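# Examining the three-dimensional arrangement
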Amino acid sequence: MAHTNDNRAQHKYGDIHALPYSPDLSVYIPMIGMNICAPTYKNIRKKADITVLGYVINGHGEIQVNAEKHRLGKGDAFILRKDSKHEVTALSDSSDPWTYYWYNLHGNSLPLLEAFHLFHTPYIPNADIEALFLKGFAAAKLKTEDGMDTQTSLILSSTEIFIALQKSVKQAAEYTSPMMGRMKLYLDQLVGEPFQSEDFAHQMGLSFKQLNRIFKQHTGSTVYQYVLTRKLDIARMMLQDTELPVSEIAVHLGYEDPQYFSNLFKQKTGIAPTLYRQQANAIR
């Protein structure tokens, strides 16, 4: 992986494929590879301009997306999303080197994560998707001169990965807690509507207080915090990647009063939505 702010990032080697750029695609994959890391390896992106898909094939490491941190081992997958702070660190408590496959996704990748309900899922244990990454490597080795066929194959491969990860996340939630799985599915589909605790409790068949306690035990977040975080993340994405007026974004997220939405956005992020859009466009 490149574009690092840590001088230990060179402490790795592996197979890397640079691919032709296809300007007609809203999402494209300029590089895929495999990192075999020394115990000192660390890579930091303070505000990433790419989304990284990864799959661990050996050893142990740690990933961090903003404040969320996870330890990973063989068979685990990870997603380091665009516009967040990424950290990838090798852990030295293993005889095997920290080794993982990765895809770099450039362009408008955030709506893709949202479509598969993976926007807030940086870590997927026991994903079993090595064959899908190898399929992408095979396509990269057969890259065409204009790059379009290769990019199309890799985008299809990454879509297969997203589908597999979405299925894995859903199965894990249902296995560890059927109620938790139901709650997450309900809340993830609620982004465009106002949240009503009474409706939520009615759908789940428990009191809101009970549901909130279960949710916090599993996620460390209250239900309200989870819903608000999702809405704000999608608001940032829409402000940056669309030209919709703030008032329409507010309605899309379930807020009838655009001024209330603007005040809430500024209160939680420290910046007004219009100014956020101006700053995001200025650094492109």
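For the structure, see preceding data.
Residues numbered from 1 in each chain as written. Predicted model: local features only at pLDDT ≥ 70, side-chain atom pairs only at ≥ 80, totals over all residues. Heavy atoms only, no water.

### What to know about the environment of His-106
- Along the chain, His-106 turns up in strand S10 (residues 98-107).
- Once the C-alpha coordinates of His-106 and Val-52 are considered, the two residues, 54 residues apart in sequence, prove to be 9.0 Å apart.
- Setting aside its immediate chain neighbours within four residues, His-106 contacts Ser-26, Val-27, Tyr-28, Pro-30 and Ile-50. (Helix = DSSP H or I, 4+ residues; strand = E, 2+ residues; numbered from the N terminus. Contact = heavy atoms within 4.5 Å.)

### Describing the packing of aromatic side chains
- Overall, the coordinates contain 18 aromatic pairs when judged by the stated rule.
- With centroids separated by 5.5 Å and ring planes inclined at 70 degrees, the aromatic side chains of Phe-78 and Tyr-100 adopt a geometry described as edge-to-face. Taken together, the positions of Phe-78 in strand S8 (residues 77-80) and Tyr-100 in strand S10 put the pair 22 residues apart, joining distant regions of the chain. Assigned by exposure class, Phe-78 and Tyr-100 land together as buried.
- Aromatic side chains Tyr-101 and Phe-137 sit 5.3 Å apart centroid to centroid with 55 degrees between the ring planes, which places their arrangement in the tilted category. Of this pair, Tyr-101 sits in strand S10 while Phe-137 sits in helix H2 (residues 130-141); the two residues are 36 residues apart in sequence, bridging distant segments of the chain. (Phe/Tyr/Trp six-rings, centres within 6.5 Å; stacked < 30°, edge-to-face > 60°. Buried < 20%, exposed > 50% of the residue type's maximum accessible area, 1.4 Å probe, protein only.)

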